[in-house]
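Summary of the model geometry
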Amino acid sequence: PQGDLNQMAAHCERLIQDYPFPSTSAGFITDMNKLAGLYSAADIFLNPTLQDVLSNVALESMACKTPSVTFRTGGVPEAVLDGRTGLVAPQGDLNQMAAHCERLIQDGKLLQTLAEEGRRHAEQTFSYPVIAARHAALYEETLREYRYEE
């Protein structure tokens, strides 16, 4: 509901106002084209999540050829393959996360490799056609097993 989005946006804006470092807010973005443009404009997507089932934001950034630097938590390692599609730090280790960012800033070749492989991984593993085909195959297998048991 729009009311929930407005409340969330207002909460995010308050958090940004209290942020102790200079920052610029792009606001609460619901337009997917604008969001893709922002991901694409970034060199690195920093995702300091402490809880995540499957990191959709990491997948979105990788689809836009922007590698993620994130924590090893929940399902994040399924999306961000450490050293292949992004860099992963132990959960809560801000020093390692900062070191990963510094490494990518200094190593343009690694940054480009992670960007290309991240895009490929997002398309080959998590795109709508791939997920739809997997679901269809699962349904077909389940129906075959159900029919076999009867």
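One can find the structure itself at the top, above this paragraph.
Definitions and cut-offs
- Residues numbered from 1 in each chain as written.
- Predicted model: local features only at pLDDT ≥ 70, side-chain atom pairs only at ≥ 80, totals over all residues.
- Heavy atoms only, no water.
- Pairing = 2+ DSSP bridges.
- Helix = DSSP H or I, 4+ residues; strand = E, 2+ residues; numbered from the N terminus.
- Axes fitted to C-alpha atoms, helices over the stretch in contact; angles between N-to-C directions.
- Contact = heavy atoms within 4.5 Å.
- Buried < 20%, exposed > 50% of the residue type's maximum accessible area, 1.4 Å probe, protein only.
- Arc of directions from axis to C-beta.
- 1 Å grid on protein atoms, 1.4 Å probe; cavity = no way out; pocket = protein on both sides within 12 Å on 5 of 7 lines; lining within 4 Å.
- Points joined across faces, edges and corners; volume = space filled by probe spheres on them.
- Nonpolar A, V, L, I, M, F, W, Y, C, P; charged D, E, K, R; others polar.

Turning to the sheet that holds strand β1 (residues 45-47), a few remarks are in order. What holds strands together in a sheet is hydrogen bonding between their backbones, with the strands either parallel or antiparallel. Pairing is parallel across the open sheet formed by 3 strands, whose spatial order is β1-β2-β3. Every interior strand has two partners, whereas the edge strands, β1 and β3 (86-90), have only one. Between one strand axis and the next, the sheet turns through 25° on average, direction left out of account. Taken together, the 3 bridges between β1 and strand β2 (residues 68-72) define a ladder with parallel strand orientation. If you follow L46 over to β2, its bridge partner there is V69. Where helix α5 (residues 94-106) meets the sheet, it contacts β1, β2 and β3, and its direction lies at approximately 160° from that of β3.

Looking at where M62 falls in the secondary structure, it is placed in helix α3 (residues 56-63). Spatially, the C-alpha atom of M62 lies 7.5 Å from that of T85, the residues being 23 residues apart in sequence.

Restricting attention to buried positions, one finds in α3 the residues A58, L59, S61 and M62. Along α3, the residues classed as buried sweep out an arc of 165° about the axis, all on the same side. Buried residues in α3 make contact with α2 (32-41), β1, β2, α4 (76-79) and α6 (108-126). Phi turns positive, to about 60°, at K65, one or two residues after α3.

Turning our attention to the layout of surface pockets. There is about 1,500 Å³ of room inside the largest pocket. Contributing to the lining of the largest pocket are 26 residues, with I16, T24, F45, L46 and P48 lying nearest its centre. Contributing elements (two or more residues each) for the lining of the largest pocket: α1 (2-17), α2 and β1. Looking at the lining of the largest pocket residue by residue, the classes come out as 17 nonpolar, 8 polar and 1 charged. Here the second largest pocket is characterised by a volume of approximately 360 Å³. Taken together, L54, N56, L59, E60, A63, R119, A122, E123, F126, S127, Y128 and I131 make up the full set of residues lining the second largest pocket. Mapped by element, the contributors of at least two residues to the lining of the second largest pocket are α3, α6 and α7 (128-149). Residue composition of the lining of the second largest pocket, grouped by class: 7 nonpolar, 2 polar and 3 charged.

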